[in-house]
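Commentary on secondary and tertiary structure
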Amino acid sequence: MLKIKNLSFSYNQNQEEKQALKNINLTIEQGEFVGVIGPSGAGKSTFTMALNGIVPHFYNSGAFYGMVYVEGQDTVEVSCSELSKTVGSVLQDPDTQIVTSKVEDEIAFALENKGLERREIEERITESLELCGISSLRYRQTTELSGGQMQRVAIAAALAERPKVLVLDEPTSELDPIGSMLIFETLQKLNKEHGMTIIIVEQKVMLLSQYCNRLMVMKEGRFLLDGPTKQILEEYKKLEELGINCPRIVKLVACLKEAGLYKGDMPTNIEETCSILASL
């Protein structure tokens, strides 16, 4: 679905400018649920913008090297509007993404710009609202919504375009634990029931470990770790060296491993941790 070859990028042509991305090579298969973590300034947001073509199309004064392929399409050669048919994007702050005053209009906005028939627009609005569990918000004013509701509207608007890939940049940064979990449950449903490829930048490692099947760890424009979630959590010492706060269940089981009481896989959720403790 996504293939990146020798990707490097800096925001201007100055040779001394620090590169936001440095020689990245990776592949993301259809149907993966990928979490991206790393310290502030690691290049995570720039990475997401390289997947939907914002980099380099809207930062064309920068220095872009390498290739990014989305379902075989070179993002340099294809416009952002064309790429949006495959890649949907949700920004960190929904206020910067929502452009209309009414929820229904927000979801219809991109569809109308693409010239879809009114009947199909209606069907897509209904479908995306149901997928996100916010059908009751259809006729609400966007200014009346909470942060969590706004974020779900932004996701619904992206889903209405029926992308094969959904890229999200810290969508739960302003949400409480319950709101964050609801966002991840929605994403899990899209991934499992609709086969959508999900790539999410997030600081809440506990949520990523519970829902993602692959974790990628960035620092200074590079991916230092990349693999199945359980495998990456085994690298808890490296994660903490990078300033990433590991989930408490990982810290607990790490203590058991270091004491020689447990030798199995690292758990990714509370239920697995309880089973480990019960077995001891």
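The protein has the name Energy-coupling factor ABC transporter ATP-binding protein in an unreviewed UniProt entry, where Sporanaerobium hydrogeniformans is given as its organism.

**Describing the side chain of Ser10**
Relative to the helices and strands, Ser10 is located in strand S1 (residues 2-10). A relative accessible area of 6% places Ser10 in the buried class. Side-chain polar atoms of Ser10 contact the backbone oxygen of Asn12, separated by 3.0 Å.

**Notes on the sheet that holds strand S3 (residues 33-37)**
The strand order across the open sheet formed by 6 strands is S6-S7-S8-S3-S9-S10, and the pairing between neighbours is mixed. Only two strands of the sheet have a single neighbouring strand rather than two, namely strand S6 (87-90) and strand S10 (222-228). On average, each strand axis in the sheet is tilted by 15 degrees relative to the strand beside it, whichever way the strands run. As paired elements, strand S7 (residues 165-169) and strand S8 (residues 197-201) share 5 bridges and run parallel to each other. Opposite Val167, over in S8, you have Ile199 as the bridge partner. Sitting on the sheet, helix H6 (residues 147-159) touches S6 and S7, and the angle it makes with S6 is about 165 degrees.

**Comments concerning the pairing of S3**
Burial analysis of S3 places 5 of its 5 residues in the buried class, the great majority of the element. Burial along S3 is two-sided: Phe33, Gly35 and Ile37 facing one way and Val34 and Val36 facing the other are all buried. When S3 meets S8, the two strands line up parallel, connected through 4 bridges. Bridge assignment links Phe33 to a residue of S8, and that residue is Ile198. Summarising the sheet, S3 and strand S9 (residues 214-219) pair through 4 bridges and their orientation is parallel.

Criteria and cut-off values
Residue positions are counted from 1 within each chain, in the order its sequence is given. Local features in this predicted model are restricted to residues of pLDDT 70 or higher, and side-chain atom pairs are both shown and tallied only at a pLDDT of 80 or more, whereas totals for entire chains, interfaces and linings draw on every residue. The side-chain quantities take in all heavy atoms of the structure and omit both hydrogens and water. Helix numbers and strand numbers start at the N terminus; a helix is a DSSP run of H or I with at least 4 residues, a strand a run of E with at least 2. Residue exposure (1.4 Å probe, protein chains only): buried if accessible area is under 20% of the type maximum, exposed if over 50%, otherwise partly exposed. A 3.5 Å cut-off defines polar contacts: any pair of N or O atoms within that distance qualifies, except that in protein one atom must be a possible hydrogen donor and the other a possible acceptor, and neighbouring residues in sequence count only when both atoms are side-chain atoms. Here, strands pair whenever DSSP counts at least two bridges between them. Where helices are involved, their axes are fitted lines through C-alpha atoms of the stretch in contact, as for all axes, and angles between N-to-C directions lie from 0 to 180°. Note on definitions: a residue-residue contact is assigned when non-hydrogen atoms from the two residues lie within 4.5 Å.

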